[in-house]
Amino acid sequence: TPILEVKDLHVSIDGQEILRGVDLTVRPGEVHAIMGPNGSGKSTLANTLAGRPEYTVTSGKVLYNGADLLKMQPEDRAREGMFLAFQYPIELPGVRAWQFLKAAIDAKRVHQGEEEMGAREFDRLLRSKVEEVEIDPELVRRSVNEGFSGGEKKRNEVLQMALLEPKLALLDETDSGLDIDALRIVSDGVNRLRRPDNAAVVVTHYQRILNYIKPDYVHVLVDGRIALSGGPELAEQLEARGYDWVREGVDAAS
Ligand code: ADP
Ligand code: MG
Ligand code: MG
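Thresholds applied
Residues numbered from 1 in each chain as written. Chains lettered and ligands numbered in written order. Predicted model: local features only at pLDDT ≥ 70, side-chain atom pairs only at ≥ 80, totals over all residues. Heavy atoms only, no water. Pairing = 2+ DSSP bridges. Helix = DSSP H or I, 4+ residues; strand = E, 2+ residues; numbered from the N terminus. Contact = heavy atoms within 4.5 Å. Axes fitted to C-alpha atoms, helices over the stretch in contact; angles between N-to-C directions. Donors = N, O, S within 2.8 Å, 3.2 Å for Na, K, Ca; no water. Buried < 20%, exposed > 50% of the residue type's maximum accessible area, 1.4 Å probe, protein only. Polar contact = N/O pair within 3.5 Å; in protein donor to acceptor, adjacent residues only side chain to side chain.

## Thoughts on the sheet that holds strand 1 (residues 4-13)
Ordered by their spatial adjacency, 4 strands build an open sheet running 2-1-4-5, and the pairing between neighbours is antiparallel. Looking at strand neighbours, the two that pair on one side only are strand 2 (16-26) and strand 5 (67-68), the edges of this open sheet. Sheet topology places strand 4 (residues 56-64) next to strand 5; 2 bridges connect them, and they run antiparallel. If you follow Tyr 64 over to strand 5, its bridge partner there is Ala 67. Along the sheet face, helix 1 (residues 42-50) touches strand 1, strand 2 and strand 4 and points at about 110° away from the line of strand 1.

Right under this line is the structure:
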């Protein structure tokens, strides 16, 4: 079974249709990039998969490991191994990064019928991941994202991802605001996480991040539909030619 199957998905915000029939199949071991011009619906797709309440699915289906994702509460999506990283990470004053990470791990374990992780075991795990992700150990003692630089937020996100070992990582990146270091942090994180039994969907406006993450498939979203899909070479074509030629192709076909 695919990890994710999106079938003819239509989504509206405030009664206005934004996604107009999206189809996407993500199988184990695959990395997919969703590209497209501003306003094409990339974040709408990511937010819908995350279960944000302001996005109304008017028709279509989403299956996650064969189960109806749209019937799952957002927190259950996370407990079932979906990891959602977003453009604008939330700040949690007073909640230390390590506490947040432990809570996330424990929620997943309890959901799977296991006990919460012991303090020592968590400490060991955290140490090894902090080393692996190459973040400053001080960072996990600070409040979640409060006063974090862009790069620190990204490192914290990648640390979360490394700890949770998601089955499906979904990243919505406007890499416009990211410097090369931050891009590399995210990309290394996604690359390091790659396993035959998990998958990632990376939403991005610019081709730049795809110099570091090598996707197996690239999809171009235009006006709420996937107008074109291809291999990694498609990202290079988009970098060279922009998005207009895809849009022209869509208009010509419709
Ligand atoms: P992208 O991520 O590809 O730039 P979005 O999914 O953010 O595109 O936006 C798609 C369209 O939906 C845009 O026309 C945008 O103005 C509209 N839109 C997105 N979010 C909202 C919202 N919360 N309320 C109203 N319109 C929205
Ligand atoms: Mg349709
Ligand atoms: Mg967006």
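## A few points about the coordination of the magnesium ion (ligand 2)
Coordination sphere of the magnesium ion (ligand 2), protein contribution only: Asp 8 (OD) and His 10 (NE2), at 2.4 to 2.5 Å. Its relative accessible area of 16% is what places His 10 among the buried residues.

## Regarding the side chain of Ser 40
Within the secondary structure layout, Ser 40 lies in the loop between strand 3 (31-35) and helix 1. Reaching out from Ser 40, the side chain makes a polar contact with the backbone oxygen of Leu 221 at a distance of 3.3 Å. In this structure, Ser 40 is in contact with Leu 221, Val 222, Asp 223 and Gly 224, ignoring residues within four places of it in sequence.

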